[in-house]
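Structural features, examined
This is what each chain is made of:
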Amino acid sequence: MAGCAAEPDPGTVTVLNSATDTAEHTANQRFFDRCGKPLGLKVEQISVPADQIASKALRMASSDSLTDILELDGSELPQFAQTEGLRPLDEVGVDTSGLSASAKSLGSYDGTQYGIARSVNSLALIYNTKLLKDAGISPPTTWRELRTAAKKLTAGDTYGMAFSASPNADGVYQFLPFFWSAGGDEAEIDNGKGEAALQLWKDLVADGSASRSVVNWNQQDVNDQFVAGRAAMMINGPWQVPVLSAQKDVDWAVASIPVPEAGKPAVPPIGGTVMAVPKNDEDPAREKNAGKVLNCLNSEKNQLQWGASVNNVPTRATAARAYAKQNPKLAAFAELVTTARSRTAKVGTGWPVVGDALAGAFQSVLTGRTSPEQALHRAQQQASAGK
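The paragraphs below set out a description of the structure included in this document.

Parameters and conventions
- Residues numbered from 1 in each chain as written.
- Predicted model: local features only at pLDDT ≥ 70, side-chain atom pairs only at ≥ 80, totals over all residues.
- Heavy atoms only, no water.
- Helix = DSSP H or I, 4+ residues; strand = E, 2+ residues; numbered from the N terminus.
- Rg over C-alpha atoms; globule rule 2.2 N^0.38 Å.
- Contact = heavy atoms within 4.5 Å.
- Disulfide = S-S within 2.5 Å.
- Axes fitted to C-alpha atoms, helices over the stretch in contact; angles between N-to-C directions.
- Left-handed = near helix turned anticlockwise from the far one by under 90°.
- Nonpolar A, V, L, I, M, F, W, Y, C, P; charged D, E, K, R; others polar.
- Phe/Tyr/Trp six-rings, centres within 6.5 Å; stacked < 30°, edge-to-face > 60°.
- Buried < 20%, exposed > 50% of the residue type's maximum accessible area, 1.4 Å probe, protein only.
- Lys NZ or Arg CZ within 6 Å of the ring centre and 35° of its normal.
- Arc of directions from axis to C-beta.
- Pairing = 2+ DSSP bridges.
- Core = buried A, V, L, I, M, F, W, Y, C linked by side-chain atoms within 4.5 Å.
- 1 Å grid on protein atoms, 1.4 Å probe; cavity = no way out; pocket = protein on both sides within 12 Å on 5 of 7 lines; lining within 4 Å.
- Points joined across faces, edges and corners; volume = space filled by probe spheres on them.

Turning to the overall build of the chain, a few remarks are in order. For the chain, the count of helices and strands is 16 helices and 13 strands. Taken over C-alpha atoms, the radius of gyration comes to 22 Å for the chain, in line with the 21 Å a tight globule of 387 residues would show. Taken over the C-alpha atoms alone, the chain extends approximately 70 × 50 × 35 Å along its principal axes. Long-range contacts, defined as pairs at least 24 residues apart, comprise 74% of the intrachain contacts of the chain with a sequence gap of at least 6.

This part covers the state of the cysteines. Scanning the entire structure with this criterion turns up one disulfide. With a sulfur-sulfur separation of 2.1 Å, Cys35 is cross-linked through a disulfide to Cys296. Judged by the sign of its S-S torsion, about -80°, the bond between Cys35 and Cys296 is left-handed. Note that Cys35 is positioned in helix α1 (residues 22-36) and Cys296 in helix α11 (residues 284-297), a separation of 261 residues in sequence.

Turning to the packing of helix α7 (residues 169-181) against helix α8 (residues 195-206), a few remarks are in order. As a packed pair, α7 and α8 sit with axes 8 Å apart at the nearest point and diverge in direction by 115°. Helix-helix and strand crossings are classified by hand; for α7 and α8 the assignment is right-handed. Counted together, Gly171, Gln174, Phe175, Phe178 and Phe179 of α7 and Ala197, Leu198, Leu200 and Trp201 of α8 form the full contact between these two elements. Considered class by class, the residues forming the contact of α7 with α8 number seven nonpolar, two polar and no charged.

Take the packing of aromatic side chains next. Across all of its chains, the model carries nine aromatic pairs by this definition. Summarising the aromatic geometry, the rings of Phe31 and Trp306 are spaced 5.4 Å apart at their centres and angled 85° between planes, so their arrangement reads as edge-to-face. Of this pair, Phe31 sits in helix α1 while Trp306 sits in helix α12 (residues 300-310), placing them 275 residues apart in sequence. On the basis of relative accessible area, Trp306 is assigned to the buried category, the value being 6%. The rings of Trp143, Phe163, Phe175, Phe178, Phe179, Trp201 and Phe362 are connected pair by pair, giving a single aromatic cluster. Of note, Arg118 hangs over the ring of Trp306, and the distance from its end group to the ring centre comes to 3.8 Å.

Residues of helix α2 (residues 53-62) that are buried include every one of Ile53, Ala54, Ala57 and Met60, and no others. One side of α2 holds all its buried residues, which, seen down the axis, span an arc of 130°. In α2, those exposed residues whose orientation departs by more than 90 degrees from the buried face are Arg59 and Ser62. Of the surrounding elements, those touching the buried residues of α2 are β1 (12-17), β2 (42-47), β3 (69-73) and α3 (77-81).

The element strand β8 (residues 124-128) is extensively covered by neighbouring structure, given that five of its five residues are classed as buried. Burial along β8 is two-sided: the face carrying Ala124, Ile126 and Asn128 and the face carrying Leu125 and Tyr127 are both buried. Sheet topology places β8 next to strand β10 (residues 231-236); four bridges connect them, and they run antiparallel. Residue pairing for β10: Ile126 is matched across the bridge by Met234. Here β8 runs beside strand β11 (residues 252-255); their pairing, made up of four bridges, is antiparallel. Within β11, the residue paired with Asn128 across the bridge is Trp252.

Here the focus is the nonpolar core. Met161, Phe163, Phe178, Ile189 and Met233 are the most contacted members of the largest nonpolar core, which has 97 residues in total. The biggest single contributor to this core is helix α15 (residues 351-366), with nine residues. Dropping the residues within four chain positions of it, Met161 is found in contact with Leu125, Leu146, Ala150, Leu204, Ser209, Ala210, Ser211, Met233, Met234 and Ile235. Among the nonpolar cores identified, the runner-up in size contains 21 residues, and Phe31, Cys35, Leu294 and Leu297 belong to it.

What follows deals with the sheet that holds β2. What the five strands build is an open sheet, ordered β2-β1-β3-β12-β6; its pairing is mixed. Strands with a single pairing partner mark the edges of an open sheet, and in this sheet they are β2 and β6 (115-116). Two elements, β6 and strand β12 (residues 273-276), share two bridges in a ladder whose sense is antiparallel. Considered in β12, the bridge of Ile116 is made with Met275. Running over the sheet, α2 touches β1, β2 and β3 and is turned about 135° from β1. Packed onto the sheet, α11 meets β1, β2, β3, β6 and β12 and runs at close to 65° relative to β1.

With respect to the helices and strands, the residue Gln199 is situated in helix α8. Taking the C-alpha atoms as reference, Gln199 lies 12 Å from Ser364; in sequence the two are 165 residues apart.

Taken as a whole, the largest pocket holds about 1500 Å³ of empty space. Around the largest pocket, the lining is made up of 49 residues, and of these Ala50, Asp73, Asn121, Gly272 and Thr273 lie nearest the centre. Among the elements of the structure, α1, β3, α3, α7, β12, α12 and α15 are those that each provide at least two residues to the lining of the largest pocket. Of the residues contributing to the lining of the largest pocket, the split by class is 20 nonpolar, 19 polar and ten charged.

Here it is, written out as structure tokens:
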């Protein structure tokens with residue numbers, strides 16, 4: 001039956017991605033055309049919803065029909081790299097020099113670079129400038145200042161602070177900056193340091209500075225509360241910028257995420273997609289063509305323009321610095337991604353189990369079922385059992 005399959009066009013590079021939104025698909029194609037045409041190549045996208053990328057790629061791989069470039073969430077890279085189905089980027093001529101350490105981590109597995117991100121995102125503190133100014137409060141930089149500011153800003157229908165503590169990826173993503181900044185370790189969840197992050201969240205909810213509904217809010221819900229004026233500050237990412245910029249009722253600004261002690265760096269998670277090159281032993285020329293397209297997409301100029309179009313930070317250090325200058329309102333994000341960490345850097349393919357364990361921990365604490373210490377001890381047991 002294999003002999004009946006259509007021969008792939010040698011002048012076409014195929015890409016599997018999650019650009020199902022028409023505007024995103026079109027924007028992607030503009031960059032693909034910009035890079036493909038000078039090389040005499042046509043780039044075609046196959047786009048499916050993000051939560052279907054992994055399963056779609058596995059089905060295509062089983063029938064030897066996987067695309068030349070695979071774009072997937074950075075947290076999903078390890079499961080593909082572990083199968084040895086991806087080509088190390090240096091073997092297909094992709095230049096990864098000049099990338100930030102966090103971006104390299106996002107695209108690496110077991111010390112080898114398999115994926116490259118054009119741009120990345122993270123989390124920051126977004127605040128209502130008028131409410132803080134009226135209260136005589138500067139954006140908090142430490143947890144103590146955060147507790148004080150959130151309490152003072154809570155009045156009427158407005159909470160001082162909003163965050164997502166939903167029992168899924170959104171909540172875990174928002175918990176990590178506090179967990180990691182406190183010294184929490186996803187490879188040793190009950191090391192005694194992550195409890196402080198759980199206690200902080202618990203205290204914010206217990207004293208009424210944050211809504212008890214945070215256990216049900218995803219990141220979009222948090223943004224909705226902020227835009228409606230029901231939260232003075234929130235933890236959120238640059239993907240909310242289009243909505244924030246379009247509304248007229250709330251003036252907003254971005255600051256770094258508060259840390260346990262002054263002077264310590266915030267350690268948020270780094271997020272975004274990476275582009276990888278699946279192995280094609282029968283036609284290595286296709287791998288080389290994919291590498292050429294990736295080099296063009298990740299030139300400083302193209303990274304900068306792509307990052308600006310999607311409100312994400314370029315991964316080349318020089319492009320990131322230029323991005324911060326050109327987008328001063330979002331400069332805090334550019335600074336935060338330099339200290340951000342990949343969720344899979346330490347635990348690799350074990351991350352989904354660890355993420356579920358952490359979600360169970362903060363859910364149990366915020367709903368009053370367990371103490372922070374008990375919650376993280378149980379989370380470690382759950383993570384160990386799931387390995």
